[in-house]
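# Descriptive structure summary
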Amino acid sequence: MSCNRHKIHFLRELIPSFECEPGCHDCCGPVTTSTEEMARLPRKTEAEQAAALEHLDCVHLGPNGCTVYEERPMICRLFGTTPRMACPRGRGPEQMIEPEAEQLVHQFIATTRQVLV
């Protein structure tokens, strides 16, 4: 397992989880993610990617929400867990992410090659 894969696993554990409102996709849209996280997601065709981007949707957004929820990138996991990226519907974990943990996640994102999901 690569060093970044270990970091991703470690950082994912630091991000508190909560249940999104069923069917909501207010936080979904095109995002960037590390190539390591992208490799865990199903590949989409150029046509699917272009159609999603045209509507400013995530290519992994389906009729019932995120189709890759368990493997969603860290940036997606942060939505709703920090006041800087609050859920527009007021959802969130009982305890928000620790500021130090959030900083580690942002540092990882800033130091890895990012690709558009």
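Structure: see above.
The sections below set out a description of the structure shown in this document.

Conventions used here
Residues numbered from 1 in each chain as written. Predicted model: local features only at pLDDT ≥ 70, side-chain atom pairs only at ≥ 80, totals over all residues. Heavy atoms only, no water. Helix = DSSP H or I, 4+ residues; strand = E, 2+ residues; numbered from the N terminus. Rg over C-alpha atoms; globule rule 2.2 N^0.38 Å. Buried < 20%, exposed > 50% of the residue type's maximum accessible area, 1.4 Å probe, protein only. 1 Å grid on protein atoms, 1.4 Å probe; cavity = no way out; pocket = protein on both sides within 12 Å on 5 of 7 lines; lining within 4 Å. Points joined across faces, edges and corners; volume = space filled by probe spheres on them. Nonpolar A, V, L, I, M, F, W, Y, C, P; charged D, E, K, R; others polar. Patch = residues over 30% accessible without salt bridge, like charges linked within 9 Å, V, L, I, M, F, W, Y side chains within 5 Å. Areas by Shrake-Rupley, 256 points an atom, 1.4 Å probe, with all protein chains shown as cover. Salt bridge = Lys/Arg side-chain N within 4 Å of Asp/Glu carboxyl O. Contact = heavy atoms within 4.5 Å. Expected span 1.5 Å × (residues − 1). Arc of directions from axis to C-beta.

### Some points on the overall build of the chain
Along its length, the chain carries five helices and four strands. Going from the N terminus to the C terminus, the chain shows its helices and strands as α-β-α-α-β-β-α-α-β. Whereas a compact globule of 117 residues would reach a radius of gyration of roughly 13 Å, the chain reaches 14 Å, a difference of no more than 12%. Its C-alpha atoms put the chain at 40 × 35 × 20 Å along the principal axes. Taking all 117 residues of the chain together, the buried fraction comes to 37%.

### Some details on empty space enclosed by the protein
Counted under the stated rule, the structure contains one cavity of 30 Å³ or more. There is about 30 Å³ of room inside the largest cavity. What lines the largest cavity is simply Thr32, Thr33, Ser34, Glu37, Met74, Ile75, Ile109 and Gln114. Those elements that place two or more of their residues in the lining of the largest cavity are strand E1 (32-34) and helix H4 (74-78). For the lining of the largest cavity, the per-class residue count stands at three nonpolar, four polar and one charged.

### Overview of a nonpolar patch on the surface
Taken together, the side chains of Phe10, Leu14 and Leu104 make up a nonpolar region of the molecular surface, amounting to roughly 250 Å² of accessible area. Mapped onto the elements, leucine 104 comes out in helix H5 (residues 99-111). Overall, leucine 104 belongs to the partly exposed group, its relative accessible area being 37%.

### A look at the environment of isoleucine 75
With respect to the helices and strands, the residue isoleucine 75 is situated in helix H4. For isoleucine 75, a relative accessible area of 17% gives the class buried. Counting along the chain gives 43 residues from isoleucine 75 to threonine 32, while the straight-line C-alpha distance between them is 7.9 Å. Excluding residues that lie within four positions of it along the chain, isoleucine 75 makes contacts with Val31, Thr32, Met85 and Ile109.

### Quick look at helix H1 (residues 3-14)
Here H1 contains 12 residues, and its C-alpha end-to-end distance of 17 Å stays within 8% of the 16 Å for a straight helix at 1.5 Å per residue. By the burial criterion, the buried members of H1 are Asn4, Ile8, Leu11 and Arg12. Axial view of H1: buried residues confined to an arc of 105°, hence all on one face. In H1, the exposed residues that point more than 90 degrees away from the buried face are Cys3, His9 and Glu13. Among the structural elements, E1, helix H2 (35-38), H4 and H5 are those in contact with the buried residues of H1.

Spatial relationships are all this shows, so hold off on functional conclusions.
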